[in-house]
Amino acid sequence: MESQVPAEPRAPAEPHSSVRSHDGATPVGPGTESAPAPVESGPGLPDTLAGSLATPIEAPEPAVETPGRLEIAGEWRRVSPRAITIELVGDAIGTVVVVAIAVVVWLLIDHPWPLIAGGAIVLATVITAAFVPRRIRSIGYLLREDDLLFRRGIMWQRFVAVPYGRMQLVDINRGPLARAFGLAELKFVTASPAAGITIPGLPLEEAEGLRDHLVSVAESRRTGL
Amino acid sequence: MSDAGTPPPPERPIPEASEIARSTVLASGTLADGEWHRLHPATPLLRGGIAFIAILGIVIANLRERLVEMFLPQFAGDYRYDGENFDPLDYTFSHGYVGWVLLGLAVLLVVVIGGFFLSWRMHSFRVTDEAVEVRSGILFRTHRKAKLDRVQGVGLSKPFLPRLFGAARLDVNVAGQSADVKLEYLSTRPAEKLRRDVLTLASGVRLAEGEAPLPGAGPAGVVSPGDGLITRHVVDRANDFLSPELPEDQAPPESIVRIPVGRLVASTVVNEGTVFVTAILVFGIVMIANGNTWVIFTLVPTLLGIGSYYWSTITKSLRYSIAGTPSGVRIGFGLLSTSNDTLPPGRVHAVQISQPLLWRPFGWWQVKINKAGLSAEAAAGGKGNTTILPVGTLRDATAVVQLMLDGADVDSTYEQVEAAMMRPGESGFVLAPKRARLIDPLAWRRTGYALRPTLLVFRTGVLWRKLVILPLARIQSVQISQGPLERMLRLSSARVHTVIGPVSAVLPTIAKDEAALLFDRASLAAVRASSQDHSHRWASEER
């Protein structure tokens, strides 16, 4: 899976940096040496919300500055490469439709502007299509002990962590193209409209397995809430 | 959230609890006796009748000249029907349809009144051991049933007009969006009593099922038999308008924060909008002084609109009161239309203390919250009373925040909040690095986060100062992101998602490596906090 990570140079210092010792599978506090996990309510630290606000705190040790892009280490699972094909086929169909409409309108009104507009749309589609493979390859998810991580984007990178217990429902959607390629889209919905996660391009078996897994862990985490 | 004030769930179910609750409630004589009851007789008038009267008003206004001519010919002036436009009255007169028209009007009146009466007859509710049920509708019957063990809270509000009739609206909030059961309208006294009874019964059911009772409304007898009969209607109405918002046996008598009227008025007037209004005013006066009198026709309506906005904002916040009660924080608002919300513990998902630039010389602050169960439409429309403190000193704001977080230790919290607001460098915050000034030239010194044992705090803004306090156990998700410009400066931005509301928790700039740390720490802390959370029955079943 790691081999599918986009060809960005990894930060060389990364494996040695203590703040990056967090491996994705276990919920160990990040940076165990340089910054003690702050949530452990040690002696004297109150658990109540109000008490928490009333107690003075020290700023934690500053993070070790590393070069390179924003990265969360872990065994990221990537979506299927077939999703690239789906996206490109979808773009191609869209292009054909646009061209057809432009030609028909051009024949009807005998004026060149439909061709110009259609051409502009096609050009824009082709340019964005060039980035599709990279964009799809940048999508990934990571199942940790207590939460689901999701990432996407190359230029505009985004990482989201959602605790399993926050799950309200899981959807699996399949469009006609996705069905033809045996893929599905998984939607993880929380109580916040902005916090949902949508993972496209999962093989159907993987999506269903993931759904069942998410439902079962959400159930067990919920009872522990 | 902590369980201060919330009785812990019993070790085992108490099957007799719901019986006790039932007998307690029944002994006191109540609407919650399991029988079907009707609403306040003025209900149809209050709900739909207003529109009917308005239509009548429009008709009368349009026929004004005719009516004057008909009944008061000496005042009729020189208005005469000119015969060019179609006039329904003249048409009926000249064709001899007067009788038919009168008959039609009579039938219409009978149908409307009959409809109102029927809809009142057919609209009934009952409160049983298990549920609150409402049946309504004449042709299309609806039957809504809210299970008592799902009741999240009961709200009582008195809009102005119903209040004149001694009526109030009772909202039974149930887990799930727009699943509220509304009882509009009931007589004020029985409504207040029913409110307590529903809470008591719901607690009994919860206890019988081995869950924590609705806090403070346990079967130990919150219901007091002291409610007298409504004998002197007028005196009662007067008392209702004059008495403190919170009925005395349901809340501690005094609010922890008072807003002087002067401050409320001043704070409404002193804001960015007023600067704009003043600019318009100056522009208008200059134009008029230069002889462009037509400006007055656009200026006056604008000013009237703005004035009514100020007026409604001020009256809405007048007679503000906030107090902690066993069943949650009670917030009362309003001079003419009052609303009285109870926020049970665990429903607050984010708290924000903020200060607009123009309020800074006065040292005023505002507190807003995100709360569960608020629909997206209500959030977008600014409804739902999410502004918990319209204006107050930092100390008032701290007291309100403490109450929101179930605490009472205002002094030490004040020190922390004051440090966070006034001394950004020495308050335990992780700050943005100096290079962030290229993106955020003013606010970078103040931008930062602090992770406390059960809270995540974001501080942002230099002109509009803001402190967002997020209970970790309520966080929905944590997100960090990086755009191309941020990548060049090794920066990043972070955001925490909560339920929908006016507070958005965004940290616009933070060092890249700090963001990665924040992501790890906050996501881990959120999981731990929610696993230790005791009020999950309140929170996890909100939606």
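Taking an unreviewed UniProt entry as the reference, chain B is identified by name as YdbS-like PH domain-containing protein belonging to Labedella endophytica.

For chain A, the name recorded in an unreviewed UniProt entry is YdbS-like PH domain-containing protein, with Labedella endophytica as its organism.

Draft legend 1. The arrangement of the overall build of chain A in detail. In terms of helices and strands, chain A carries 5 helices and 7 strands. Burial status across chain A gives 40% buried among its 225 residues. Contacts in chain A between residues at least 24 apart in sequence constitute 56% of all its contacts with a sequence separation of at least 6. Taken as a whole, chain A presents about 11,500 Å² of accessible surface, with 65% of it coming from carbon and sulfur.

Draft legend 2. Local environment of the sheet that holds strand β7 (residues 197-203) of chain A. Residues and elements named next belong to chain A. Read across the sheet, 3 strands follow the order β5-β6-β7 without closing on themselves; strand pairing throughout is antiparallel. Among the strands making up the open sheet, the edge pair consists of β5 (169-173) and β7. The average angle at which neighbouring strand axes cross in this sheet is 20 degrees, direction not considered. Inspection of the sheet shows β5 paired to strand β6 (residues 183-189) by 5 bridges, in the antiparallel sense. When the bridges of β6 are listed, Asp171 appears paired with Lys187.

Draft legend 3. The arrangement of the interface of chain A and chain B in detail. In this assembly, 63 residues from chain A lie in contact with 67 residues from chain B. For the chain A and chain B pair, buried surface summed over both sides reaches about 5,400 Å², with 60% attributable to carbon and sulfur atoms. Our count for the chain A to chain B interface comes out at 3 salt bridges. Summed over the shared surface of chain A and chain B, the number is 18 residue pairs in polar contact (both at pLDDT 80 or more). Counting residues per element, the ones that place at least two in the side of chain A that touches chain B are α1 (49-54), β3 (147-152) and β4 (157-163) of chain A. For the side of chain A that touches chain B, the class distribution of residues is 37 nonpolar, 12 polar and 14 charged. With 5 bridges joining them, β4 of chain A and strand β18 (residues 477-482) of chain B adopt antiparallel strand pairing. What sits directly across from Val160 of chain A, in β18 of chain B, is Gln479 of chain B.

Draft legend 4. Molecular detail of the sheet that holds strand β14 (residues 430-431) of chain B. All names here are of chain B. Read from one edge to the other, the open sheet built from 7 strands follows the order β13-β12-β11-β17-β16-β15-β14, with strand pairing classed as antiparallel. If you trace the sheet from one side to the other, it starts and ends with β13 (387-392) and β14, each paired once. Relative to strand β12 (residues 365-371), strand β11 (residues 348-355) is paired through 6 bridges, and the arrangement is antiparallel. Bridge pairing links Val351 to Ile369 in β12. Those strands touched by helix α14 (residues 410-422) are β11, β12, β16 (455-460) and β17 (465-471), and its axis lies near 135 degrees from that of β17.

Each value, and the rule that gives it
- Residues numbered from 1 in each chain as written.
- Chains lettered and ligands numbered in written order.
- Predicted model: local features only at pLDDT ≥ 70, side-chain atom pairs only at ≥ 80, totals over all residues.
- Heavy atoms only, no water.
- Helix = DSSP H or I, 4+ residues; strand = E, 2+ residues; numbered from the N terminus.
- Buried < 20%, exposed > 50% of the residue type's maximum accessible area, 1.4 Å probe, protein only.
- Contact = heavy atoms within 4.5 Å.
- Areas by Shrake-Rupley, 256 points an atom, 1.4 Å probe, with all protein chains shown as cover.
- Pairing = 2+ DSSP bridges.
- Axes fitted to C-alpha atoms, helices over the stretch in contact; angles between N-to-C directions.
- Buried area = accessible area lost by both parts, 1.4 Å probe.
- Salt bridge = Lys/Arg side-chain N within 4 Å of Asp/Glu carboxyl O.
- Polar contact = N/O pair within 3.5 Å; in protein donor to acceptor, adjacent residues only side chain to side chain.
- Nonpolar A, V, L, I, M, F, W, Y, C, P; charged D, E, K, R; others polar.

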